[in-house]
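Spelled out, the chains give:
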Amino acid sequence: MRNGRASEHGPLIVFGATGDVGSATALEASKRGAKVWLAMRNPDKAIDGITKEQEQQGDFERIQADLTDPESIKKAVRQSGANAAFIYHAFGMNGAVQALKEAGIEYVVFLSSFSIGPGQDLRQIPPSELIPYVHAQVEIALEDTEMAHTALRPAYFATNGIRMNLDKSVKPYKARNVAPDLRADCITPNDIGRVGGAVLVKRPSSASKEFIYLCGPQLLTSDEQWDILNKVLGQNVEVVHEGPEDHRGFLIRKGLPPPLADYLISSTTDVTVGSWYPDNLLGEWVANIKKYSGYEPTTFEEFAKTQDLA
Ligand SMILES: NC(=O)c1ccc[n+]([C@@H]2O[C@H](COP(=O)([O-])OP(=O)(O)OC[C@H]3O[C@@H](n4cnc5c(N)ncnc54)[C@H](OP(=O)(O)O)[C@@H]3O)[C@@H](O)[C@H]2O)c1
C-alpha cells in the first residue's frame, strides 16, 4: 500500500518502463488499480510517458533490472513480490524467461511482433527472418517453461516515420523512405500499452497461451503520414524515396545493426509480401484495441498532435 491506496490486485512488474509501450502499459495497469513496479536499467532515468505527478499519484515504485541480466531480474521480482510481468524483446535476454519463472512470476505479457503470422509454427521461423525469429524465441521460451502468457503482436508503429525515417542531418529535415507503396497501419505505442496494461491486470482468458494481433485504424503510405505530420506540426518535411542501398546506409548511420537494417528493408519492400494485412483479419485486429483496452484506436491525426520533431 502506498499513498493510502490499497490495491485490488497483486503487484505487477513492468520491464522497460521507460519505453513508449512499457510506460503506457504501466500507466494503464496503475489506472486499473494495480501497484506497479517500474523495472528499469537505470532507475534514475526520466520516463517520458509518465509525468512526475502521475508517478507520485499512482502506486508506482522504481526498481533496477536489466533483461539481459537474469540475477537482476530475479532480485527485482523477488523484491517486488509481483507474480505478473510485462516484458519486451531485448537482444541477449536468453535467460530472462527462466529467471522470471524462478523468481515467482506466473503470468507474462510479452510485446511480440505481428511479423509472426497467425498459425505460423514458431519453431520453423529461420534466424534469417530476424524480427519474427527473435520474438518467436521468447514465445518458445515461455511455452517451454510452461508460463501462462499473452503475446501482443502489434503491426507497424506510428512512431516509425519520425524515429526511423527522419533525417535530421540535413536542414530542412527530410524523411527518407524505401517503401513508397507500403500502406502501414500506424498503431500507436500508447494504444499497444493500454492493451498491455489491461491484460496484465486481468488475463483475457485462462488459456496458458494467448496471442493478440493489434493494428492501427488507418492504412497510410509514408507520404500520407508525412502530409498529416507536416500539417499538424506546421512543418515542411520533404519525403525522399531512395533505393535499398542508400536506405541501408542511412539506417546503419542511425545506429541500427546491419542485420536489422537488412530485415527492415526486405520486409517493407519485398514485392511478394504484397499487403501485410489479410483482408479478412484486419478489421478484427483493429477492433482488438477496443476489445481489450476499452479505448477507441487512436487516429494518425491524434497521434501527430502528441509529437514534435525536436
Ligand atoms: N513493429 C514496429 O513497427 C516497431 C517499431 C518500433 C519498435 N518496435 C518494437 O517494440 C519495442 C518497444 O517499442 P517502444 O517504441 O516502446 O520502444 P522504446 O520507446 O525505444 O523503448 C524500449 C525500451 O526497452 C528498454 N530496454 C532495452 N534494452 C533493455 C534491457 N536489456 N533490459 C531492460 N529494458 C531494456 C529500454 O530501456 P532504456 O530506457 O534503459 O533504454 C526502453 O524502456 C521495441 O523494442 C521493438 O522491439 C516495433
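What this report covers is the structure whose coordinates are included nearby. Bear in mind that the values here come from a model prediction, so they are computed numbers and not experimental data. Think of each chain on its own: its residues are numbered from 1, step by step along the sequence as written. Only residues with pLDDT of 70 or above have their local features reported here, since the model is predicted, and side-chain atom pairs are shown and tallied only from 80 upward, although totals for entire chains, interfaces and linings are computed over all residues. Side-chain calculation: all heavy atoms of the structure are included, whereas hydrogens and water are not.

Below, the discussion takes up the pairing of strand E3 (residues 60–64). Here a strand pair is declared whenever DSSP counts at least two bridges between the two strands. Segments assigned H or I by DSSP are reported as helices when at least four residues long, segments assigned E as strands when at least two residues long, and all are numbered from the N terminus. Where strand E2 (residues 36–40) lies against E3, five bridges are found, and the strand directions are parallel. Looking at the pairing, Ala39 lines up with Ile63 of E3. A right-handed crossover is one whose linking path, passing over the helix from the first strand to the second, runs clockwise when the strands point away from the viewer. Handedness of the β-α-β unit built from E2, helix H2 (residues 52–57) and E3 comes out right-handed.

A word on the sheet that holds strand E8 (residues 174–177). As summarised here, the arrangement of the three strands in space is E7-E8-E10, forming an open sheet in which the pairing is mixed. What marks the edges here is a single partner per strand, and that holds for strand E7 (166–167) and strand E10 (238–241). Here E7 runs beside E8; their pairing, made up of two bridges, is antiparallel. Bridged to Asp167 within E8 is Lys174.

What follows concerns the environment of Ala148. Tracing the backbone through its elements, the reader meets Ala148 in strand E6 (residues 148–154). Separated by 61 residues in sequence, Ala148 and Lys209 place their C-alpha atoms 5.8 Å apart. In this structure, Ala148 is in contact with Glu106, Tyr107, Val108, Arg203 and Ser208, ignoring residues within four places of it in sequence. Residues count as neighbours in contact if any of their non-hydrogen atoms are within 4.5 Å of one another.

It is worth spelling out the layout of surface pockets at this point. Grid points spaced at 1 Å and placed over the protein atoms alone form the basis of the search, with a cavity being a set where a 1.4 Å probe fits but cannot get out and a pocket an open set showing protein on both sides within 12 Å along at least five of seven lines. Lining residues have an atom within 4 Å of a point. Grid points are joined across faces, edges and corners, and a volume is the space filled by probe spheres set on the points. One number sums up the size of the second largest pocket: a volume of about 730 Å³. Lining the second largest pocket are 25 residues, and of these Asp20, Thr159, Phe303, Thr306 and Gln307 sit closest to its centre. At the level of secondary structure, the elements contributing two or more residues to the lining of the second largest pocket comprise helix H1 (20–31), helix H6 (160–165), helix H7 (189–201) and helix H12 (300–305). Residue polarity is assigned by list, with Asp, Glu, Lys and Arg as charged and Ala, Val, Leu, Ile, Met, Phe, Trp, Tyr, Cys and Pro as nonpolar; anything else, Gly included, falls into the polar class. A breakdown of the residues in the lining of the second largest pocket according to their chemical character gives eight nonpolar, eight polar and nine charged.

Here we take up the side chain of Asp191. The topology assignment puts Asp191 in helix H7. Per-residue accessibility, obtained with a 1.4 Å probe over protein chains only, is compared with the maximum for each type, and a residue is labelled buried under 20%, exposed over 50%, and partly exposed between these values. With a relative accessible area of 1%, Asp191 lands in the buried category. Dropping the residues within four chain positions of it, Asp191 is found in contact with Ile289, Glu296, Pro297 and Thr298.

Another aspect to go through is the site of the ligand. A single heavy atom is enough: if one lies within 4 Å of a molecule or strand, its residue is considered near that molecule or strand. Neighbouring the ligand are 18 residues; Thr18, Arg41, Lys45, Ala155 and Asn160 lie closest to it. Pairs of N or O atoms are called polar contacts if they sit within 3.5 Å, as long as, within protein, a hydrogen donor faces a hydrogen acceptor (for residues adjacent in sequence, only side-chain-to-side-chain pairs). Side-chain polar atom of Thr18 to an oxygen atom of the ligand: 2.5 Å apart, as the coordinates give it. Here an oxygen atom of the ligand and a side-chain polar atom of Asn160 are 2.8 Å apart. The set of elements that each furnish at least two residues to the shell around the ligand consists of H1 and H6. Residues that form the shell around the ligand fall into these classes: eight nonpolar, five polar and five charged.

On to the packing of helix H3 (residues 70–80) against helix H4 (residues 96–103). Axis geometry follows a simple rule: fit a line to the C-alpha atoms, using only the stretch in contact for helices, then measure angles between N-to-C directions, giving values from 0 to 180 degrees. Interaxial distance between H3 and H4 falls to 8 Å at its minimum, and their mutual angle equals 30 degrees. By the angle class used here, H3 and H4 are roughly parallel. The way H3 lies across H4 gives a crossing that is right-handed. Across the interface between the two elements, Pro70, Ile73, Lys74, Val77 and Arg78 from H3 touch Ala96, Ala99, Leu100, Glu102 and Ala103 from H4. Looking at the contact of H3 with H4 residue by residue, the class counts come to seven nonpolar, no polar and three charged. Put simply, angles under 35 degrees are roughly parallel, angles over 145 are roughly antiparallel, angles from 65 to 115 are roughly perpendicular, and the rest are oblique. By definition, any crossing whose near helix is turned counterclockwise from its far helix by less than a right angle is left-handed, and any crossing with a clockwise turn is right-handed.

Once that is clear, we can look at the sheet that holds E6. Sheet strands associate in pairs through backbone hydrogen bonding, adopting either a parallel or an antiparallel arrangement. Strand order across the open sheet formed by seven strands is E3-E2-E1-E4-E5-E6-E9, with parallel pairing between neighbours. Of all strands in the sheet, those bounded by a partner on one side alone are E3 and strand E9 (209–214). For this sheet the average axis-to-axis angle between neighbouring strands, irrespective of direction, equals 20 degrees. Bridge count between strand E1 (residues 12–15) and strand E4 (residues 84–87): three bridges; the pairing is parallel. Each residue of the ladder has a partner; that of Ile13, found in E4, is Ala85. Contacts from H3 reach E1, E2 and E3 within the one sheet, and its direction differs from that of E1 by about 150 degrees.

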